[in-house]
Amino acid sequence: MALLFNEIKFLRKRNDLLKYLVSTEIKITYKNKTLGVLWSILDPFFMMLIYILLVAVIFQKGGPQFPILLFSVLLPWRWFVQSISAAARAMVGNAKLIQTVNIPKSALPISRVLISLVNYLMGCVVLIPMLFLFEANFSWHLLWFPVLILSQFIFTIGAVLIVSVVGVYFRDLQNIIQFVVRLWFYLSPALYSINDIPQKYYHAYMVLNPFASLFASYKNVLVRGTAPNEYILWFTALGVILCIAGLAFFDKYSANITKNL
Amino acid sequence: MEIIKAENLGIRFKLSGHKKRYIKHTLASVVKQQKKTTMSSFWALRNVSFSINRGDILGVVGSNGAGKSTLLRAIGGIYHPDEGNIEVNGTASALLSLGTGFKMDLSGYENIFLNGVILGFTEQEIREKVKEIIGFSELGDFIYEPVKNYSSGMNARLGFSIAAFLYREIMLIDEVLGVGDHRFKKKSQDKMAEMITDGRTIVIVSHNLESIKQYATKAIWIDKGRLKATGRPEEVIEKYLKN
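Residues numbered from 1 in each chain as written. Chains lettered and ligands numbered in written order. Predicted model: local features only at pLDDT ≥ 70, side-chain atom pairs only at ≥ 80, totals over all residues. Heavy atoms only, no water.

Student: Hey, could you run me through the pairing of strand 3 (residues 57-61) of chain B in this one?
Tutor: In summary, the side chains of a regular strand alternate between the two faces of the sheet. Counting buried positions along strand 3 of chain B yields five of five residues, so the element is predominantly enclosed. A two-sided burial pattern is seen for strand 3 of chain B, the buried positions comprising I57, G59 and V61 of chain B on one face and L58 and V60 of chain B on the other. (Buried < 20%, exposed > 50% of the residue type's maximum accessible area, 1.4 Å probe, protein only. Helix = DSSP H or I, 4+ residues; strand = E, 2+ residues; numbered from the N terminus.)

Written as structure tokens, this is what we have:
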């Protein structure tokens, strides 16, 4: 099925490329900055502290498990934001390379998704002890965690494939994305719970913001020990559609990228 | 057997596309109530037809901006024809402009692998060649140092060595005929000559007419994207110089 797309065929033919793009980038982070690895953990951690100050201390809301409820969605959200922002400049930033060698160009945005996934997993090193510290309710529903990651991965791949191509023709996209993701974050149930959404808007909210069910599911699975939110099926379906659309879009429009760099 | 065949090859670039990429330009044109500007386009190559056989060495001559590098990119599959077509039977590998794609924080050794996979080789293929590459580069233990600590000469030596040992049946060469200090230059030129006389199919773009005369079996002259002459290297170069 995936082999219907030329880009996938090309990627498979060059399967060591993706591996090296990811591993070299990670090596550089580890090697160069002493705090390089640490920052990928500290950054979301500090962000969490700021939100705790705001929500739990100033507004006196969120409840005793607020820090882990928040941290369990901050990490995957960062994964998405990093991937999509990097994708917007993936082609322009590698212009010289793309103009010199015929490589499967999708490897550039896709590698960014994988690199940010590694950052996410590094962040879990902090998340896990925090789950114990704040007494998360562990249950076998934790097994859904990798499934959620996979579902988010599929969604993100679709998104970055489109964004990376559009970013070439529309250079403002990088700036627009910065603004949109910030807004999107506040429209998603990170600082609040989906129970805070008025009942009559609930369905519309869950349908219109696919990340609502993803956030709710991460919180359920990691902190509350309950099953994922039922709208996660909607998120996954959207992700699959987006991924197929992204591949089709990339196949159709990526050939002319080189001329427009 | 024809290994590269171009028929009425045309590559076009859109010009005003550049301006429209930022919102401010779009807004400006809305405010000024401009009609959509007609996209002017520019043919970097047009009506270019030629063919070369296995083992041929094609020299491409022409002044700056004539479309030589565009042609090389079209052969390499980087630009797709907007008109006519180009058939390439085999895999073409470009000599990366020495050092393109190097990651400064990684060692030379790691960069050999990274550069190799970018050029389309598998990890296994690179592993088989890595000793020869390091040997030829004369970098010794420096190969394990980060590339940012290299002198420009060392950088070029490594780049050349990678290109000299990792190549496909068709080689596309853009102005790299010897790098480094005097001694290494000689060595790299010899290596180049060896590769060229090895029966491989090669396309060389160069301003160095002497090396084209020396190596090429066939030449084409491109001027402003049009094919001006094709034939034996001496004849083509003579016509080019008279111009």
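Picking up after the structure, the text goes on.
Student: Please clarify how the packing of helix 3 (residues 108-118) of chain B against helix 4 (residues 123-137) of chain B should be interpreted in this entry.
Tutor: Helix-helix packing is described using two parameters, namely the angle between the two axes and the distance between the axes. Residues and elements named next belong to chain B. Running from N to C, helix 3 and helix 4 point in directions that differ by 135°, and their axes come no closer than 10 Å. Relative to helix 4, the element helix 3 lies oblique. Crossing of helix 3 against helix 4: the hand is right-handed. Across the interface between the two elements, Y109, I112, F113, G116 and V117 of helix 3 pack against E123, I126, R127, V130, I133 and I134 of helix 4. (Axes fitted to C-alpha atoms, helices over the stretch in contact; angles between N-to-C directions. Parallel < 35°, antiparallel > 145°, perpendicular 65-115°, else oblique. Left-handed = near helix turned anticlockwise from the far one by under 90°. Contact = heavy atoms within 4.5 Å.)

Student: What's the story with the interface of chain A and chain B in this structure? I'm lost.
Tutor: Many descriptions give the size of an interface as the accessible area lost when the pieces come together. Taken together, the contact pairs 30 residues of chain A with 33 residues of chain B. Overall, the association of chain A and chain B removes approximately 2900 Å² of surface from exposure, summing both partners, and the carbon and sulfur fraction of that is 57%. Looking only at chain A, the three residues that lose the most surface to chain B are Y20, T100 and K259 of chain A, adding up to 22% of its buried area. Linking chain A with chain B are four salt bridges, by the criterion used here. With a closest N to O distance of 3.2 Å, K27 of chain A and E110 of chain B form a salt bridge. (Buried area = accessible area lost by both parts, 1.4 Å probe. Salt bridge = Lys/Arg side-chain N within 4 Å of Asp/Glu carboxyl O.)

Student: Explain the pattern of salt bridges here, please?
Tutor: Pairing is possible between side chains that carry opposite charge, provided their charged atoms lie close to one another. If you walk through the whole model with that rule in mind, you get 17 salt bridges over all chains. Residue E83 of chain B pairs with R46 of chain B through a salt bridge whose shortest N-O separation is 2.9 Å. Taken together, the positions of E83 of chain B in strand 4 (residues 83-88) and R46 of chain B in strand 2 (residues 41-53) put the pair 37 residues apart, joining distant regions of the chain. By relative accessible area, which is 24% here, E83 of chain B ends up partly exposed. According to the relative accessible area criterion, R46 of chain B is partly exposed, its value standing at 26%. A single network of salt bridges, built from pairs that share partners, joins K19 of chain A together with E123 and R127 of chain B.

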